[in-house]
Structure formats: C-alpha cells, structure tokens
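Chains, contacts and geometry: an overview
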Amino acid sequence: MSEEKREESQEETKPQEEEKAEAEAHTEHGDEKPVEDKEAHASSSHAEGHGPAVGVYTAIFAALSVFTLLSFAFNGAMQSGMISAMTSFALIMGVAVIKACLVAIVFMHLMFDWKRVYFMIIPAIVLGLLILIVLLPDIVLGWKSVAAHELTPP
Amino acid sequence: MAHAVQEEKRLHMGLPIPNGKLAMWLFLVTEIMFFTALIGTYIVLRNGQPIPVHDLVAGMDQDGNGEIARSEARGEIADLFEHGDQDNNGSLSEHEVGQIASVLSLPWPSPHQVHLIEWIGALNTFVLICSSFSVVLAHHAITHGDVKKTTIYITITLALGAVFLVVKAFEYNSKFSHHILPGYVFDRLDGSRGAQYLAKVQAELTEIKEHADHVSAEAAADCDKLLRELTAREKEGLRSLTPEELGLRVNALLEKHPDLHLTPVIPWGNMWASCYFAMTGFHALHVLGGLVVFAIILLMAFFGTLGAQHAGLIELTGLYWHFVDIVWIFLFPLLYLV
C-alpha cells in the first residue's frame, strides 16, 4: 500500500504538459481518461471493452464446445475409413487453430488489446514457427535416407 | 482502497497498457515459445524416425511403395505364424495378420496402443473450455463490482481445474500400471532387452495360467498355448521363438483379448512416453499454478478484501488461464487424435 502511495505521489509531481500529452496518446489508442472515480471506472471500462456482453462469451463457449465435438467426429470418420488420415489431420488441426484463435481473440480480449500487444505476440509466434521450420530438414532428410536404404529394389 | 482504484487507471510512461498486463503478455509469449519448443520436439521425434521400426516391416508407409511393402510384410508375418504354429492349428486369419502388420508398421505408437482414450481427452478439453468460460464471467462480474458472483465463478473455475487434474491423475495411473514410462517400454528387442522380454512374458503367462479364473476361458486357453509353445519347442527339436516373434504373438493376443496382463511391443514407446509426460506434465504444472492463484483469490474473498479494485488481478489470471486452455487445445488433438 505504501508503495502504491509513493508511486502516486511521484506521478502527481509530473509536469502538467507531460501528463496531458500522455493522456492524448492514450485516447488515440482507445484508452480512457486517466483518473476516474470507482463507479465510473467500472462502468466505463466495460463500455470501453474490457468485457464484451455475456452473450458474446456464451456464444464463443458454445462454438468451442461444438468444435471439440467436431474434431472428435473427424477422428471417428477417419477411424471408420470415411476420410483419409491426412484429411482428418488437416481438419483436426484446422479446428484446433480456430479454437485457439477464438479463445485468444474473445476470452483473452485481443479484440480490444491486439494493437497494444501485437509487437510481443507476433515475434514469439514467428520464432515458434521458425523452430519448426528449421527442424523440418531433420524429418525430410530422415525419410530420404530410409528411402535410399530400404526401398531400393535389390 | 480508493488509491488502488486510481492506481489501476493511472497512466504510465511507455506503452498504453497497464504494467501488469504488459508483464503478463511478456510472460505468456515466453510460454508460447516454451510450449512450441516442446511440441516441435514432439513433431520432429514423431515424424523424423530415419530407421524403420521393425525389420519385418522395413520401409513401410514411407512413400508410394508403402502398399507393396505393407503386403510383403503381411506375407512375412503370415509365414511367421504358419511356421510358428506347426504344433497347433491356431494360425490367425488374414484380417488379424493385417491388423498386426498395420499396428507394427506404425512409425509411432497409436493412441490405442498406449492406452489413451479419446473421449477422456475430449472430456478434459471440455472441462478446460468450461473453466475458461467461468473465468471470463468472473472478470465480467468483478468489472461490475459484483464480488459475490465473482467468488462463485472463481470457485467454479477452481473446481473445474481440479477435475482436469483428477482426470489427468487417473490417466497417468493407467500409464503407470501398464508400464508406459520412459525406459520401461519394450520398443526394441535386440540384445539383452530381447532376453528380458522373453523372461518377462513367460512370467506373465505363468501368472495368468495360475490365476486362470480371472480371465475368460478363451483367453486362458490362448495364453496357455503360447506358454506351452515357449517352453516346449526345444524338446520337439524346433528353434525357440525369437523375441520379435514373441512380440508379434503377444500383440496379436492383446488385439484379441485387450484385458490380459501382458507386455506388448510398442515401437518407439519410450520416446512416446518421454514426449507425453514432458508435454502433459508441464501443462498439468501450469494448471496447478493457476489453481494456486484461484485459491488465493478465494482466500481474499473469504477475508473480505476482494473488491472491484482487483479487476486487473482477475483479468491477468484469466489471461494466464486462457493460455493454459489454448495449450491443451493443441495437445489434445496432437496426442489423442492424430
């Protein structure tokens, strides 16, 4: 608590212009005014989009449940031979990506925060994909050596 | 407390987001890379096996010749069973041979082989989705200053997370009881490992014979047949079963009677177990971490200190929890389905 107070007093000593400039920068980014009383904070932060309506959450929840059932169904279709293993792999992973995006965009509030955090998320995802890409030769060259050794007709 | 509320919306130098949210997102992106590394390792190990699993099924499924190789391997396995069953006429049908061939040809254990049950994984996915839903509702409630509702939703989230861990514990227990642990799986049978396998299966078959009333009559008869063959071949002047042959026979027996307490041969089983426990173990630790935070929030509610000023705390906890959910959204299909 004492720390919070100290920080606050520091902020109060800030030059007036600087705070004003900052406030302007924030309104540009869709943020609200710096100081609000308790009630205004609660309601305006909602209006600003710190939470969509419960109906939106419920719809996303329903969609996620349906998608889980769907990936289960794709797996069943693959086991009964209706679709090939490759098709079901693509469908199931596609469903997983859609589910992850729904959770990230709505539940994690990226629909409001994306432009404030994208510079952290994009490099991480790019680096993550790079890990997979630089490892791919290991897989493909492995297949090749098998093909050379085992599958050449005698 | 009013100070704390103001502090929450105070503007900072730098980025136009609260410091807490910035820190949480920075943490989450390191987590993204952490889990990508684990999942990437899994993908490479799963797909990058340069050596075929079994000499009998060498080169299968690798390219366009896969079907030819598969039918050749089927022929070889059928031969094996004909020769192996000289002293009794228990040879397998073409369909069964095909099943064994396709099981052994897999360059990676199938979920079925390692006792992963799809619907349990799907159930756990659903449990985590529900908990994600309840945590956003908790955040929604606290931004409206409704501490009572928030407490209820956080309790629900905590309970759902605990359900996830309990289900996970049952799954782990099933792995332990089937000896699907790194280093314990018989995935290759050369050298001393083969001798160990022969001895182990013989002991298991003897055990089943001694407690024959625990299994169906047919299963007991099949086991007895295999045991007699294992021990009696030498007397009849036949060469003894190699560990590989025995492995195929045991896998075939387990296809017929899945409940028998016999050790199967699981190609790449140790590697699979390492990947499985690394990925799901780290995920479960993350779930546990989330539960600790939810418990702290509930304690705050219990002592009456939880209030609208904690909307940020609940939002950040929610961010973490959704991330844990997203990781499972990928782990579930990768481990249980594809």
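Residues numbered from 1 in each chain as written. Chains lettered and ligands numbered in written order. Predicted model: local features only at pLDDT ≥ 70, side-chain atom pairs only at ≥ 80, totals over all residues. Heavy atoms only, no water.

Describing the side chain of His286 of chain B
All names here are of chain B. Summarising the element assignment, His286 is placed in helix H10 (residues 269-302). Separated by 2.4 Å, the side chains of His286 and Glu31 make a polar contact. Excluding its chain neighbours within four sequence positions, the residues that come into contact with His286 are Glu31, Phe34, Phe35, Tyr320 and Val324. (Helix = DSSP H or I, 4+ residues; strand = E, 2+ residues; numbered from the N terminus. Polar contact = N/O pair within 3.5 Å; in protein donor to acceptor, adjacent residues only side chain to side chain. Contact = heavy atoms within 4.5 Å.)

Things to note about the nonpolar core
Of all hydrophobic cores here, the largest spans 87 residues; its most connected members are Phe107 of chain A together with Trp25 of chain B. Broken down by secondary-structure element, the contributors of at least two residues to this core are helix H4 (54-79), helix H5 (85-107) and helix H6 (110-150) of chain A together with helix H2 (19-47), helix H5 (118-143), helix H6 (147-177), H10 and helix H11 (311-337) of chain B. At 18 residues, H11 of chain B tops the list of elements feeding residues into this core. When residues of this core are assigned to domains, at least three fall in each of domain 1 (51-112) and domain 2 (115-154) of chain A. With sequence-adjacent residues up to four places away left out, Phe107 of chain A is seen in contact with Tyr57, Ile60, Phe61, Leu64 and Leu102 of chain A together with Ser132, Phe133, Val136 and His322 of chain B. One finds Phe186, Tyr197, Leu260 and Val265 of chain B within the second-largest nonpolar core, a separate group that totals 19 residues. (Core = buried A, V, L, I, M, F, W, Y, C linked by side-chain atoms within 4.5 Å. Buried < 20%, exposed > 50% of the residue type's maximum accessible area, 1.4 Å probe, protein only. Domains from an automatic or database assignment.)

Description of the packing of aromatic side chains
Taken as a whole and judged by the stated rule, the model has 22 aromatic pairs over all chains. For the ring pair Phe61 of chain A and Phe126 of chain B, a centre distance of 6.2 Å and an interplane angle of 35° mean the geometry is tilted. With one member in each of two chains, Phe61 of chain A in helix H4 and Phe126 of chain B in helix H5 form a pair that bridges those chains. Relative accessible area serves as the criterion here: at 36%, Phe126 of chain B is assigned to the partly exposed category. Aromatic side chains Tyr172 of chain B and Phe277 of chain B sit 5.0 Å apart centroid to centroid with 70° between the ring planes, which places their arrangement in the edge-to-face category. (Phe/Tyr/Trp six-rings, centres within 6.5 Å; stacked < 30°, edge-to-face > 60°.)

Here's the deal with a nonpolar patch on the surface
A grouping of Trp114, Tyr118, Phe119, Ile122, Ile125, Val126, Leu127, Leu129, Leu130, Ile133, Val134 and Leu136 of chain A is seen on the molecular surface, where their side chains present a nonpolar patch of about 1,100 Å² in accessible area. Mapped onto the secondary structure, Ile133 of chain A falls in helix H6. (Patch = residues over 30% accessible without salt bridge, like charges linked within 9 Å, V, L, I, M, F, W, Y side chains within 5 Å. Areas by Shrake-Rupley, 256 points an atom, 1.4 Å probe, with all protein chains shown as cover. Salt bridge = Lys/Arg side-chain N within 4 Å of Asp/Glu carboxyl O.)

What to know about the packing of H6 of chain B against H10 of chain B
All names here are of chain B. H10 packs onto H6 with a crossing angle of 155° between their chain directions and a minimal axis gap of 9 Å. Taken together, the axes of H6 and H10 are roughly antiparallel relative to one another. As H6 packs across H10, the resulting crossing turns out to be left-handed. Class assignment for the residues of the contact of H6 with H10 results in 19 nonpolar, seven polar and three charged. (Axes fitted to C-alpha atoms, helices over the stretch in contact; angles between N-to-C directions. Parallel < 35°, antiparallel > 145°, perpendicular 65-115°, else oblique. Left-handed = near helix turned anticlockwise from the far one by under 90°. Nonpolar A, V, L, I, M, F, W, Y, C, P; charged D, E, K, R; others polar.)

A word on helix H7 (residues 192-210) of chain B
Residues and elements named next belong to chain B. Here H7 contains 19 residues, and its C-alpha end-to-end distance of 27 Å stays within 8% of the 27 Å for a straight helix at 1.5 Å per residue. Within the span of H7, buried status applies to Gly194, Tyr197, Val201, Glu204, Leu205 and Ile208. Seen along its axis, H7 keeps its buried residues to an arc of 100°; they face one direction. Opposite its buried face, H7 presents the exposed residues Ser192 and Glu210, each directed more than 90 degrees away. Where H7 is buried, its residues meet helix H8 (217-232) and helix H9 (243-256). (Expected span 1.5 Å × (residues − 1). Arc of directions from axis to C-beta.)

Regarding the pattern of salt bridges
Pairs can form between side chains of opposite charge whenever their charged atoms are close. Residue and element names in this part refer to chain B. Enumeration over the complete set of coordinates arrives at eight salt bridges over all chains. The shortest N-O distance in the salt bridge between Arg228 and Asp224 comes to 3.7 Å. Separated by four residues within a single helix, Arg228 and Asp224 lie in helix H8, roughly one turn from each other. Residue classification places Arg228 among the partly exposed positions, given a relative accessible area of 47%. One salt bridge connects Glu229 with Arg249, and the closest N-O pair in it is separated by 3.0 Å. Of the two residues, Glu229 is situated in helix H8 and Arg249 in helix H9; the sequence distance between them amounts to 20 residues.

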